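# Observations on the three-dimensional arrangement
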Amino acid sequence: MVELLDAQPGDRVLELAAGPGETGIKVLPRIQPGGELISTDGAPEMVEAARRRADELGLTGVRFGVENASALSLSDDAVDRVVCRFGIMLVPDMEAVASEIARVLRPGGTTVLAVWAGTSVNPWMTAPGKAAMDLGYMEPPDHDAPGPFRLSDPKRLRAVVESGGLAIEAIEEVPVSWVAGSLDEWWETTCDTSRMLTLLTERLTPEEIEQLRERAELNLAEFVQEDGSVAAPGVARVVLARSG
Ligand SMILES: C[S@@+](CC[C@H](N)C(=O)[O-])C[C@H]1O[C@@H](n2cnc3c(N)ncnc32)[C@H](O)[C@@H]1O
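In this report, the structure presented in the accompanying data block is examined. Counting of residues starts from 1 at the beginning of each chain's written sequence and follows it residue by residue. Predicted model: local features are reported for residues with pLDDT of at least 70 only, side-chain atom pairs are reported and counted for 80 or more only, and whole-chain, interface and lining totals are derived from all residues. Where side-chain values are given, they derive from all heavy atoms of the structure, hydrogens and water being excluded.

### Focus on the nonpolar core
Among the buried residues, those of types Ala, Val, Leu, Ile, Met, Phe, Trp, Tyr and Cys that are joined through side-chain atoms within 4.5 Å form a nonpolar core. Whether a residue is buried, partly exposed or exposed follows from its accessible area with a 1.4 Å probe, protein chains only, as a fraction of its type maximum: under 20%, in between, or over 50%, in that order. L14, L16, V79, I88, W186 and L212 are the most contacted members of the largest nonpolar core, which totals 52 residues. We call two residues in contact whenever any of their non-hydrogen atoms come within 4.5 Å of each other. If we skip the residues at most four places from it in the chain, L14 touches I38, T40, L72, L74, V79, R81, V82, V83 and V104. One finds V2, V27, L28 and V238 within the second-largest nonpolar core, a separate group that totals 13 residues.

Quick look at the structure:
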């Protein structure tokens, strides 16, 4: 994403749905001297986490803000680049995000967005949901409800990005590698980061949760290494688009 964004010294870069801010922080050295990173998220707690991270790293040239990605407070043509990793598909009105990006980008400015490619190529993420459906604890999800795989169809991805008036220059598949020290660690991290799993486990008994966990771990068995660690493959899809 950082390479595709190709930010230059002096650029003003907006990060949307930044979470703890990692992607923007990786872009920051490229825009210095003179540039500015605007790191934003819809959740104030995430913005605070990103601010703390930047403080720990002693970063300068960053400002933080709570921003709903589908209704930004920035003025038109305010930034040179926009970056958003694994965020757009979680926003109810994805088309509004695309048009807000087009609005705040200066003419010719670029955006790089990352989404998850299909469920079958991201087993580390889908193992619990598949187990829950197999056990009858969950119905198959509505494909257009906000969620990690809502933009996994490249045609839908293209349509959403273009609906905002952005011109797509490239769509790339990027392999990712998910590594955990053990299945226990994988489960703990997944429980911490998956909203679906949080909501599901809230209504299951401890025995049902254990059953779910065992079934989910079976779905990952082929990726468990000899030393007990887990190394599962994944695929993201990254879009580069330009404002007109
Ligand atoms: C899966 S996390 C990705 C975080 C970060 N971009 C990363 O890759 O590590 C999704 C983020 O989207 C944020 N988010 C969800 N809906 C949003 C909205 N409408 N506007 C802005 N941020 C939103 C969440 O608060 C969360 O931090």
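### A look at the side chain of R81
Mapped onto the fold, R81 is located in strand 4 (residues 79-85). Polar side-chain contacts of R81 include one of 3.0 Å to the side chain of T110. Discounting chain neighbours no more than four positions away, the residues touching R81 are L5, D6, A7, Q8, D11, R12, V13, L14, L105, R106 and T110. A run of DSSP states H or I qualifies as a helix once it reaches four residues; a run of E qualifies as a strand once it reaches two. Both are numbered from the N-terminal end. Pairs of N or O atoms within 3.5 Å make up the polar contacts considered here, provided that, within protein, one atom can donate a hydrogen while the other can accept it, and that residues adjacent in sequence are counted only when both atoms are side-chain atoms.

### Here's the deal with the sheet that holds strand 2 (residues 36-41)
Here seven strands make up an open sheet; going across it, the order is 3-2-1-4-5-7-6 and the pairing mixed. The open sheet has two free edges, formed respectively by strand 3 (62-66) and strand 6 (166-180), since each of these has just one partner strand. If you compare each strand with its neighbour and ignore which way they point, the axes differ by 20° on average. The pairing criterion for strands is at least two bridges between them, as found by DSSP. In the sheet, strand 2 pairs with strand 3 via five bridges, with the strands oriented parallel. Bridging across to strand 3, T40 finds its partner in G65. Packed onto the sheet, helix 5 (residues 123-134) meets strand 5 (105-116), strand 6 and strand 7 (230-243) and runs at close to 110° relative to strand 7. Together, strand 5, strand 6 and strand 7 form the strand contacts of helix 6 (residues 154-163), whose direction differs from that of strand 6 by roughly 130°. Lines fitted to the C-alpha atoms define the axes, with helices restricted to the stretch that makes contact. Angles between their N-to-C directions range from 0 to 180 degrees.

### A few points about the site of the ligand
Around the ligand lies a shell of 14 residues, among which A17, D41, G42, A69 and R85 are the nearest. In the environment of the ligand, an oxygen atom lies 2.6 Å from a nitrogen or oxygen atom belonging to the side chain of R85. Here the residues of the shell around the ligand sort into eight nonpolar, three polar and three charged. Near residues are defined by distance, with any heavy atom within 4 Å of the molecule or strand qualifying the residue. Residues are grouped as follows: Ala, Val, Leu, Ile, Met, Phe, Trp, Tyr, Cys and Pro are nonpolar; Asp, Glu, Lys and Arg are charged; all remaining types, including Gly, are polar.

### A closer look at the packing of aromatic side chains
A pair of Phe, Tyr and Trp rings is counted when the ring centres sit within 6.5 Å of each other, with Trp represented by its six-membered ring. The angle between the planes then sorts it: under 30 degrees is stacked, over 60 is edge-to-face, the rest tilted. This structure, assessed with the given rule, holds four aromatic pairs. Ring geometry for W124 and W178: centres 4.4 Å apart, planes at 10°, overall stacked. Residue W124 is found in helix 5, and its partner W178 is found in strand 6; the two are separated by 54 residues along the sequence. On the basis of relative accessibility, which here comes to 9%, the residue W124 falls in the buried class. With 5.9 Å between their ring centres and 55° between their planes, W186 and W187 make a pair best called tilted. A residue is classified by how much of its surface remains accessible, and W186, at 0% relative accessible area, is buried. Taking the relative accessible area as the measure of exposure, W187 reaches 6% and is therefore buried. Chaining the aromatic ring pairs together yields one cluster made of F86, W116, W124 and W178.

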